[in-house]
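Residue-level listing of the chains:
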Number of protein chains: 2
Amino acid sequence: MWVRILGNSSGGPFQGRHYSAQWVHNQRDYFLVDCGEGTQEQLYRYQLPVDRVNQIFITHLHGDHVFGLFGLLTSYSLKGRQRPIQLYSPPGLSAFIQDVARHCGIRFSFPMEFIEVGDERPEKVFESETLEVSTVPLRHGTCCVGWLFREKPRPLNIRPESIEQYGLTFEQIRAVKAGADLTLPDGRVVANGALTLPPKPLLSYAYCSDTAPSEAVAEAVCGVSLLYHEATFTDEHIEEAAAALHSTARQAAEVARTAQAGKLLLGHFSGRYADTEQHVRQAREVFPNVEAAVEGVEYAVGEPTEAV
Amino acid sequence: MWVRILGNSSGGPFQGRHYSAQWVHNQRDYFLVDCGEGTQEQLYRYQLPVDRVNQIFITHLHGDHVFGLFGLLTSYSLKGRQRPIQLYSPPGLSAFIQDVARHCGIRFSFPMEFIEVGDERPEKVFESETLEVSTVPLRHGTCCVGWLFREKPRPLNIRPESIEQYGLTFEQIRAVKAGADLTLPDGRVVANGALTLPPKPLLSYAYCSDTAPSEAVAEAVCGVSLLYHEATFTDEHIEEAAAALHSTARQAAEVARTAQAGKLLLGHFSGRYADTEQHVRQAREVFPNVEAAVEGVEYAVGEPTEAV
């Protein structure tokens, strides 16, 4: 599973940063997560296969997370796209896009399916062959959801010697791969764990922006391999963070620690900061495995991190 | 008078081009003309004094000319702007912006004045100390207006020798500068032209995009110093141009010739063209003083053009 940062700015195109957007790729799934103004250009800049996207996940309807959507959808239409696109978001996106289309006289060439969700509790909304996607309840003053991408359990790998030892049939192999124990002709039961190799850990990625620090977030993303958590401010501006329902880098790190995340990526930086050194330093006092998200970089979810 | 090209693409962020937007600057006036997605970033890229803009002129409500407006206005608001902003456009922009603000929960920190105009005939809509701005009726299937920026007549310069020769008083000098003839004590009349230096020609700039070729455009911009005319296509795609109510470069040149423009800038290029050599070559067969608009370049209106 891979995450490419397309934009990590909170306020606008300042300090060379762009509005919020990410590209999440796993096997045959290509997702766009948030779509601030200029996302299309970022997609072209990094030569991403934009036409492969079938699902777009939006956190909330503030402009810095959605103003790029209209141009992107218009471009799909100009290119004659016919394949449907699914848009997952808090309530209101469907009406929003319909209003924009009406004002601009756009008739889309492809169907859109809107799946509008609440932010009261985590909810699984999408499932592909290899991945499932759930909401993460955020706290931002408007209906706002993070998105959790989780690998689905894969068939187990059987220890090669088991097949011969027990003379497993094709059907027995399938059952054991799916997690079943084996019952022998004499009635004895061999535990699945003795027949299969230890499963690889399932990878997961959570995108949590925008939000005030929240126990509910930590709970929903518990054990996540990679957590992207907004860190709009440094300690110095903690009151401003609280007033605007944003987080400081340290607060993001506290969420990562509570959630026992594998690694924390900080993002959604306020335009007032020329660099993100303070963010990382303050977060690292709480949670050591932390980086500031860098635009254009592709992060491998669950990869061991080099010492920083 | 200066024009900075911020975007010269028709369809999207292709071939390194950006959506339509221009920066027009004359004396104390700073105007934004059209505002496609990404305009804000272009304004920062070229370090333009974005906060000095008090008037924005929009040609029509197609997304590639307005989708950058919401982010720009939101950013003004985040910066606490209080000075009003005037938005000139075809009907519907006010309702459009209100709808977007409602969907996103934006409350602007500054008042907006909407001046919505028709495209039946040219109409003067704005006047500053040194400049006036009129609409140009375009032909694009939706209400669409070009924008003509014209220097206002300046006080004439008196020939220094006239003052002594006729013993001009302060009041007489003011009248002559304003264009009056001089009546001598003996009743003889001295024509204004004999007392003043020949006036410098008044400069003008017309922005005409998007439009099919149109006599009405040529008429409205007659004698313009610099004409920016859309040239979405080359000869090869003339039928596509007609169907979409766009122009070829040659057709743009025909308009420039009919209008006796000083110079023609071609723009709004389709993303299918990697370069604009064909556009310029085909236009030049009709109208010699032509260039393809280049993003980032600041064009001086009415400057003599170097040989190309």
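Residues numbered from 1 in each chain as written. Chains lettered and ligands numbered in written order. Predicted model: local features only at pLDDT ≥ 70, side-chain atom pairs only at ≥ 80, totals over all residues. Heavy atoms only, no water.

Draft legend 1. Representation of the pairing of strand β9 (residues 145-151) of chain B in the model. All names here are of chain B. The buried fraction of β9 amounts to six of the seven residues, a majority that puts the element mostly inside the structure. Bridge count for strand β8 (residues 131-137) against β9 is seven bridges, and the pairing is antiparallel. Within β9, the residue paired with glutamate 132 across the bridge is arginine 150. One ladder, built from four bridges, connects β9 with strand β12 (residues 204-208); its direction is antiparallel. Among the inter-strand pairings, arginine 150 is bridged to a residue of β12, identified as serine 204. (Buried < 20%, exposed > 50% of the residue type's maximum accessible area, 1.4 Å probe, protein only. Helix = DSSP H or I, 4+ residues; strand = E, 2+ residues; numbered from the N terminus. Pairing = 2+ DSSP bridges.)

Draft legend 2. Region of the structure containing the side chain of histidine 237 of chain A. All names here are of chain A. Structurally, histidine 237 is set in the loop between β13 (226-230) and α9 (238-243). The buried category is assigned to histidine 237, whose relative accessible area is 17%. In contact with histidine 237, not counting residues within four places along its chain, are Arg272 and Tyr273. (Contact = heavy atoms within 4.5 Å.)

Draft legend 3. Structural view of the sheet that holds strand β12 (residues 204-208) of chain A. Residue and element names in this part refer to chain A. With mixed pairing, the seven strands of this open sheet are ordered in space as β7-β8-β9-β12-β13-β14-β15. Each edge of the sheet is formed by a strand with only one pairing partner; in this case those strands are β7 (124-127) and β15 (290-292). Geometrically, the sheet is characterised by an average inter-axis angle of 20° between neighbouring strands, direction not taken into account. When β13 meets strand β14 (residues 263-267), the two strands line up parallel, connected through five bridges. Looking at the pairing, tyrosine 228 lines up with leucine 265 of β14. On the sheet, helix α11 (residues 277-284) packs against β14 and β15 and is oriented at approximately 165° with respect to β15. (Axes fitted to C-alpha atoms, helices over the stretch in contact; angles between N-to-C directions.)

Draft legend 4. Quick look at the pattern of salt bridges. Residue and element names in this part refer to chain A. Within this structure, the stated rule accounts for 28 salt bridges over all chains. As a salt-bridge pair, arginine 45 and glutamate 41 come within 3.5 Å of each other at their nearest N and O atoms. Pair noted here: arginine 45 and glutamate 41 are both in helix α1 (residues 39-45), with a separation of four residues, about one helical turn. Judged by relative accessible area, glutamate 41 falls into the buried class, the value being 18%. With a closest N to O distance of 4.0 Å, glutamate 132 and arginine 150 form a salt bridge. Here glutamate 132 is found in strand β8 (residues 131-137), whereas its partner arginine 150 is found in strand β9 (residues 145-151), with 18 residues between them in sequence. Note on arginine 150: relative accessible area 34%, which makes it partly exposed. Residues joined by salt bridges that share partners form a network here, namely Lys124, Glu127, Glu132, Arg150 and Lys152. (Salt bridge = Lys/Arg side-chain N within 4 Å of Asp/Glu carboxyl O.)

Draft legend 5. Examining the sheet that holds strand β5 (residues 85-89) of chain B more closely. Residues and elements named next belong to chain B. Here we have seven strands laid out as an open sheet, ordered β6-β5-β4-β3-β2-β1-β16, and mixed in their pairing. Two strands close off the open sheet at either side, each with one partner strand: β6 (112-116) and β16 (298-300). Mean inter-strand twist for the sheet, computed between neighbouring axes without regard to direction, equals 20°. Across six bridges, strand β2 (residues 21-26) lies against strand β3 (residues 29-35) in antiparallel orientation. Following the sheet pairing, glutamine 22 is matched in β3 by valine 33. Packed onto the sheet, helix α4 (residues 93-104) meets β5 and β6 and runs at close to 140° relative to β6.

Draft legend 6. Main features of the domain arrangement of chain A. For chain A, the domain assignment lists domain 1 (2-154 + 200-300) and domain 2 (157-196). Here domain 1 of chain A and domain 2 of chain A have C-alpha centroids that lie 42 Å from each other. (Domains from an automatic or database assignment.)

Draft legend 7. Structural view of helix α3 (residues 69-78) of chain A. All names here are of chain A. Judged by how many residues are buried, α3 sits mostly within the fold: nine of 10 residues are covered. Of all the residues in α3, the buried ones are Leu69, Phe70, Gly71, Leu72, Leu73, Thr74, Ser75, Tyr76 and Ser77. Of the residues trailing α3, glycine 80 is marked for its positive phi of about 80°.

Draft legend 8. Fine view of the packing of aromatic side chains. Per the counting criterion, the structure on display carries 34 aromatic pairs over all chains. On the numbers, 6.4 Å between centres and 70° between planes, the contact of phenylalanine 57 of chain A with phenylalanine 126 of chain A is edge-to-face. Highlighted residues: phenylalanine 57 of chain A in strand β4 (residues 55-57) and phenylalanine 126 of chain A in strand β7, separated in sequence by 69 residues. A residue is classified by how much of its surface remains accessible, and phenylalanine 57 of chain A, at 0% relative accessible area, is buried. Taking the centre distance of 5.1 Å and the plane angle of 15° together, the rings of tyrosine 207 of chain B and tyrosine 228 of chain B count as stacked. A residue pair is termed long-range when its members are at least 10 positions apart, and tyrosine 207 of chain B in strand β12 and tyrosine 228 of chain B in strand β13 (residues 226-230) qualify at 21 residues. With respect to burial, tyrosine 207 of chain B and tyrosine 228 of chain B carry one shared label: buried. One aromatic cluster in this structure is built from Phe31, Phe57, Tyr88, Phe126, Trp147, Phe149 and Tyr205 of chain A. The aromatic ring of phenylalanine 110 of chain B is capped on one face by arginine 81 of chain B, whose charged end is 5.7 Å from the ring centroid. (Phe/Tyr/Trp six-rings, centres within 6.5 Å; stacked < 30°, edge-to-face > 60°. Lys NZ or Arg CZ within 6 Å of the ring centre and 35° of its normal.)

Draft legend 9. Quick peek at the environment of glutamine 172 of chain A. All names here are of chain A. Checked against the element boundaries, glutamine 172 lands in helix α6 (residues 170-177). Residue glutamine 172 is classed as partly exposed on the basis of its relative accessible area of 27%. Along the primary structure glutamine 172 and threonine 183 are separated by 11 residues, whereas in three dimensions their C-alpha atoms are 9.5 Å apart. Excluding its chain neighbours within four sequence positions, the residues that come into contact with glutamine 172 are Gly167 and Leu182.

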